[in-house]
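Coordinates in review
Next come the chains, spelled out residue by residue.
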Amino acid sequence: RSLFCILVIFFRLLKLFAGCFQLGLCARQIDLGRRPFRTGSACRFLFLGKPMQHQTIAVLDYGSQYSQLICRRVREAHVYAELVSWEQVAERLPRMNLKGIILSGGPNSVYDPAAPSLPEIVSQSGVPVLGICYGLQLLAHHGGGHVVPSQEREYGAAQIEVTSPSLLFAGL
């Protein structure tokens, strides 16, 4: 449930800051002249022999056991999403019609020398970026913030308190 709330908030951010929010839906792209075909779990379509450019949410995989679940939840919200390894971002992101990026969690610490980094293309993409767990720590660290351990480990649902009215949290 908390992952769903996070995704709802992210999509509201996209609506507020990214302007038009008409993301391509696989099920709604089927029309006369288009032939569906499958490559892996991604649904793509051909139109006159050329690949269709979906407006896409890229889910960057940093090793979380929930990366595939995040991608599936985005798709269940009727948004085209692709799971991309953080190591392949430089090759794959330029070919996507990005509307947003989600950085998944992972088992690393931003202070480990061998930890995965935030590819420069992510910060230069100009689209909203949502960090979950390690992804959020990576965004904070990349932006000059400090990541410090808490006294207790956190896992699962969490309670938040909205202290002032906001469109972002309306109805949650």
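All values reported here derive from a predicted model rather than from experimental measurement.

Considering the packing of aromatic side chains
Per the stated rule, a full pass over the model turns up two aromatic pairs. Here Y62 and W86 contribute two aromatic rings whose centre-to-centre distance is 6.0 Å and whose plane-to-plane angle is 10°, an arrangement assigned as stacked. Remark: W86 occurs in the loop between β5 (81-85) and α4 (89-92) and Y62 occurs in the loop between β4 (55-61) and α3 (67-76); sequence separation between them is 24 residues. For Y62, a relative accessible area of 3% puts it in the buried group. By the ring-pair criterion, three or more aromatic residues cluster together here, those being Y62, W86 and Y134.

Some points on the environment of I57
Along the chain, I57 falls in strand β4. Spatially, the C-alpha atoms of I57 and M96 are 8.9 Å apart, while their sequence positions differ by 39 residues.

Here we look at unusual backbone geometry
Most peptide bonds take the trans form, and the phi angle of most residues other than glycine is negative. In this structure, H78 is a non-glycine residue whose phi angle is positive, near 65°. The backbone phi angle of C133 is positive, close to 60°, even though this residue is not glycine. Along the chain, C133 turns up in the loop between β7 (129-131) and α6 (134-142).

Quick word on the sheet that holds strand β6 (residues 97-103)
In a beta sheet, neighbouring strands pair by backbone hydrogen bonds and run either parallel or antiparallel. Reading across from one edge, β5-β4-β6-β7 is the order of the four strands in this open sheet, with parallel pairing throughout. Single-partner strands in this sheet number two, and they are β5 and β7. With direction set aside, neighbouring strand axes in the sheet form an average angle of 25°. Of the pairings in the sheet, the one linking β4 to β5 comprises five bridges and is parallel in character. Residue pairing across strands places V59 opposite L83, the latter belonging to β5. Contacts from α3 reach β4, β5 and β6, with the element oriented near 160° to β5. α6 rests against β6 and β7 of the sheet, and its axis sits at about 120° to β7.

The rules we used
- Residues numbered from 1 in each chain as written.
- Predicted model: local features only at pLDDT ≥ 70, side-chain atom pairs only at ≥ 80, totals over all residues.
- Heavy atoms only, no water.
- Phe/Tyr/Trp six-rings, centres within 6.5 Å; stacked < 30°, edge-to-face > 60°.
- Helix = DSSP H or I, 4+ residues; strand = E, 2+ residues; numbered from the N terminus.
- Buried < 20%, exposed > 50% of the residue type's maximum accessible area, 1.4 Å probe, protein only.
- Pairing = 2+ DSSP bridges.
- Axes fitted to C-alpha atoms, helices over the stretch in contact; angles between N-to-C directions.
- Contact = heavy atoms within 4.5 Å.

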